[in-house]
Amino acid sequence: MIRSLRARLTLWYLAFFTLLFLAFSIFLHSVLSRALERRLDEALSVEANTAAALLADEFNEMKGDVPVACSEVLGDLRLSGSTVAFLDGGRVLGSSAPLPPAEVDEIARRAAATAVSHQVVGLKQAGPHGAHAALVRIRLGGHGYLVLAVQPLDEVAADLALLRRVLLLALPLIIGLAGIGGYWLTRRNLAPLASMAAQARRITHSNLETRLDVGDAAEELTMLSASFNELLSRLDESFDHMRRFVADASHELRTPISIIRGEADVALTHDRSAAEYKQALTLVLDESRRLSRLVDDLLNLARADAGRVKLRVEEFYLNDLLAECCRSAQTLAATRGVTLDCPAHDDVSFHGDEELVRRMVMNLIDNAIRYTPTGGRVNASLESHGGDIAIRIADTGAGIAPDAAPHVFERFYRGDKARSRQDGGFGLGLSIVKWIAESHNGAVELASTPGAGSTFTVKLPR
Ligand code: ADP
């Protein structure tokens, strides 16, 4: 099995040209053979007709003496390679050259087979290549005679043999030229492919911004390189995304770890009272909780990115879930002096991962409470129309500026970094909300008026 495309194409090219040349040779041979035989037949017909006409004249002149008339005609004729003869049945009355008896027999037999006045026949038994004969019937003095002009096919065969020799000599030349041409053509057309492979080999994770350049190669190769370049762009983008994610995650992890270390260092420098130890440990515990929440979030997002989170789909009631989330968030709302309203709703059953949906709703309610000043209101409601369900969390908080709105669902995006951190946010809450909504074939929308509040709506198909 030949693996090289160049070798394969060259061989195909070669095989194609060889077959083409062979077919052309066969065609040329048969056309030429037919043309040569036709020319010979025409010449023989002319000679036989001329001889017949002359015989008729001489017959009249010689007052009906056929043998004398025959020899007179034979004396007058100018022949080029053919033999003219006169037959009376199977008897030769005269001929310009001796005719073998077998040939005479064959001619007489063929002539007897039909009664046409003029015909050309092929003689198999004459010479190594056979012969053609033009036969003309003539009646002289009430008796029928046969005038014939016969010529062996030796000359035709010699011409055809010459043609075969020429074609045979040309064949290796044609094959050689086709091979060289095919190799050169495929090499030239496939050169951009080799260059693409060399360029692609040089691309590693450190130079993903490099793009393949194939110059003005054929359209198919330009398309291939364009697709490859698009793939590189996507890879580059996701690499960038990952790098940013890792950098942001490390940055977020560093703060609680340094707080824990600092607190432990200070506590261990000299003996402290039990109350001071307790205070230090409380801080360490708080930061550790923060840390494990962050690690949980990161793990979830990383798993989601890898497509490894399998939804545990079951049927549950969204109205119950919303009511439970509201109950859990009441304490936080009360602490912040925010009123949390959760109007009751009829049963809305839903197929999904209850744990994840709860997390999504909790994140939204938690955000709404945290970003709403004391005295404000948060409303968590449910709507269901036909096949669509909408969970709406609206607040009367500060709202989100239009230029910040497109970014709030990005990982590690925080509107007010200092405040978020103080409140325990890492800027991952909304990206988790978005991922959960999308993993349930839904979407999350934001409508916000700065100064008047924000409304997050999660739309889920039932
Ligand atoms: P975090 O709350 O941890 O900062 P999120 O991803 O939950 O992270 O939110 C991203 C940003 O979106 C927040 O920092 C905040 O600026 C803004 N945001 C989210 N929810 C609200 C809301 N209900 N009202 C106003 N701003 C909000």
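Here, the structure is the one placed above.
Residues numbered from 1 in each chain as written. Predicted model: local features only at pLDDT ≥ 70, side-chain atom pairs only at ≥ 80, totals over all residues. Heavy atoms only, no water.

Student: How would you summarise the packing of aromatic side chains if you had to cite specific residues and measurements?
Tutor: Enumeration over the complete set of coordinates arrives at 5 aromatic pairs. With 5.7 Å between their ring centres and 45° between their planes, F245 and F412 make a pair best called tilted. Taken together, the residues F245 in helix α5 (residues 219-269) and F412 in the loop between β10 (388-395) and α9 (417-423) connect sequence positions 167 residues apart. Overall, F245 belongs to the buried group, its relative accessible area being 14%. Look at F412 and you get buried, because its relative accessible area is 8%. Ring centres 5.8 Å apart and planes at 80° place the aromatic pair F316 and F350 in the edge-to-face group. Pair noted here: F316 is in strand β6 (residues 313-317) and F350 is in strand β8 (residues 349-353), with a separation of 34 residues, a long-range link. For F316, a relative accessible area of 6% gives the class buried. Each member of the aromatic cluster is reached from another via a ring pair, and the members are Y13, F16 and F17. (Phe/Tyr/Trp six-rings, centres within 6.5 Å; stacked < 30°, edge-to-face > 60°. Helix = DSSP H or I, 4+ residues; strand = E, 2+ residues; numbered from the N terminus. Buried < 20%, exposed > 50% of the residue type's maximum accessible area, 1.4 Å probe, protein only.)

Student: Give a detailed account of the pattern of salt bridges, specifying residues and quantitative values.
Tutor: For the coordinates displayed, the defined rule picks out 16 salt bridges. Between R211 and D236 there is a salt bridge, and its shortest N-O distance comes to 3.9 Å. Taken together, the positions of R211 in the loop between α4 (154-201) and α5 and D236 in helix α5 put the pair 25 residues apart, joining distant regions of the chain. Classification of R211 as partly exposed rests on a relative accessible area of 30%. (Salt bridge = Lys/Arg side-chain N within 4 Å of Asp/Glu carboxyl O.)

Student: Mind laying out helix α8 (residues 354-370), listing which residues take part and the relevant values?
Tutor: Between the first and last C-alpha of α8 there are 24 Å, a value that for 17 residues agrees with the 24 Å anticipated at 1.5 Å per step. For α8, the complete set of buried residues consists of L356, V357, M360, V361, N363, L364, I365, N367, A368, I369 and R370. The backbone nitrogen of E355 has a side-chain oxygen 3.2 Å away, supplied by the residue at the start of α8, namely D353. (Expected span 1.5 Å × (residues − 1). Polar contact = N/O pair within 3.5 Å; in protein donor to acceptor, adjacent residues only side chain to side chain.)

Student: Would you mind going over the pairing of strand β11 (residues 443-449) in detail, with residue names and values included?
Tutor: As paired strands, β11 and strand β12 (residues 453-461) are joined by 7 bridges and run antiparallel to one another. Bridge pairing links L446 to F456 in β12. Counted along the chain from β11 to the antiparallel partner β12, the turn is 3 residues long, and its residue G451 has a positive phi close to 90°. (Pairing = 2+ DSSP bridges.)

Keep in mind these numbers describe shape, not what the thing actually does.
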